[in-house]
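Reading the structure
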Amino acid sequence: MSGKVRYLINPFTGELDAYRDTVTKSRFVVETRDCLASASVGDLVMESETLVNRVDVATDNTDIRPIFAVIIEKTSATECVILLLGQMSGFSGLTKGRKVFLSTSGGITSTPPTTGYLQSLGVAKEDSIVDFRPNMQRVRRV
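Description of the structure in this document. The numbers attached to residues start from 1 for each chain and follow its sequence in the written order. Per-residue local features of the predicted model are confined to residues with pLDDT of at least 70, and side-chain atom pairs are confined, for both listing and counting, to 80 or more; whole-chain, interface and lining totals are unaffected and use all residues. Side-chain metrics rest on all non-hydrogen atoms present in the structure, leaving aside hydrogens and water.

1. Section: the overall build of the chain
- Where helices and strands are cited, they refer to DSSP runs of H or I of at least four residues and of E of at least two residues respectively, numbered from the N terminus. Scanning the chain for helices and strands turns up 0 helices and 13 strands.
- Reading the helices (α) and strands (β) of the chain from amino to carboxyl end gives β-β-β-β-β-β-β-β-β-β-β-β-β.
- Burial classification: accessible surface area is computed with a 1.4 Å probe over protein chains only, and a residue below 20% of its type maximum counts as buried, one above 50% as exposed, and the rest as partly exposed. The burial tally for the chain puts 36% of its 142 residues in the buried class.
- Across the chain, the fraction of contacts at a sequence separation of at least 24, relative to all contacts at a separation of at least 6, is 48%.
- Areas reported here follow the Shrake-Rupley algorithm with a probe of radius 1.4 Å; residue values treat only the protein chains shown as occluding. As displayed, the chain has an accessible area near 8600 Å², and 53% of this comes from carbon and sulfur atoms. The contact criterion used is simple: two residues touch if any of their non-hydrogen atoms lie within 4.5 Å.

2. Points about the nonpolar core
- Core analysis: the largest hydrophobic core is formed by 16 residues, its most contacted members being Leu44, Ile67, Ile108, Leu121 and Phe132.
- Those elements that place two or more of their residues in this core are strand E4 (44-47), strand E7 (79-89), strand E8 (99-102), strand E11 (120-124) and strand E12 (129-132).
- Aside from chain neighbours lying at most four places away, what touches Phe132 is Leu44, Ile67, Phe68, Ala69, Val70, Leu83, Leu84, Leu85, Gly86 and Leu121. Only buried residues count toward a nonpolar core, which is a set of Ala, Val, Leu, Ile, Met, Phe, Trp, Tyr and Cys residues joined through side-chain atoms within 4.5 Å.

3. Quick look at the pattern of salt bridges
- By salt bridge we mean one thing: a side-chain nitrogen of Lys or Arg within 4 Å of a carboxyl oxygen of Asp or Glu. As enumerated under the stated definition, the model contains 7 salt bridges in all.
- In this structure, Arg33 and Glu31 form a salt bridge, with 2.5 Å as the shortest nitrogen-oxygen distance.
- Overall, the relative accessible area of 28% leaves Glu31 in the partly exposed class.
- For Glu126, the salt bridge identified is with Lys96, shortest N-O distance 3.7 Å. Here Lys96 lies in the loop between E7 and E8 and Glu126 lies in the loop between E11 and E12, a separation of 30 residues in the sequence.
- Residues joined by salt bridges that share partners form a network here, namely Arg54, Asp56, Asp63 and Arg65.

4. Things to note about the packing of aromatic side chains
- Each Phe, Tyr or Trp ring (for Trp, its six-membered ring) is paired with any other whose centre lies within 6.5 Å, and the angle between the two planes then decides the class: stacked below 30 degrees, edge-to-face above 60, tilted in between. Throughout the structure, instances matching the rule amount to 0 aromatic pairs.
- By definition, being over a ring means that NZ of Lys or CZ of Arg is both within 6 Å of the ring centre and within 35 degrees of the ring normal. Stacked on the ring of Tyr117, the Lys or Arg Arg140 has its end atom at 5.1 Å from the ring centre.

5. With respect to the pairing of E12
- A pair of strands is considered paired only if DSSP assigns at least 2 bridges between the two. Here 4 bridges tie E7 to E12, and the two strands are oriented antiparallel to one another. Considered in E12, the bridge of Met88 is made with Val130.
- Both E11 and E12 contribute to a ladder of 3 bridges, which runs antiparallel. Following the sheet pairing, Ala124 is matched in E12 by Val130.

Take a look at the structure:
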């Protein structure tokens, strides 16, 4: 049996229980949503204001809706698979070990923006890999 040993608090006994994590994919949370044909893999998304089960692509950091996912696959012109939690590669210029934020142009950056909304989206594991765990709290920069 391979995998990492993890320890969790047993809710019934209060003691630490060990288990072997053998399924790496279990650390990723994904779902399928409707999206615009113009949406691309790597785009950060927020809930649509008008349609149920659809996402809108972030174009900047001025929208009041928080970013909650990133597109990881387009299954058709108007359907995409989004990553809610987990690691994703394909970024560039990030600083390893630093928090990443929604940039003023709607992308991911290691530098906190000084205008618009400040939202932490996770941590850069490498200069091109993000451990995507968006904080749903946003702060308005003035």
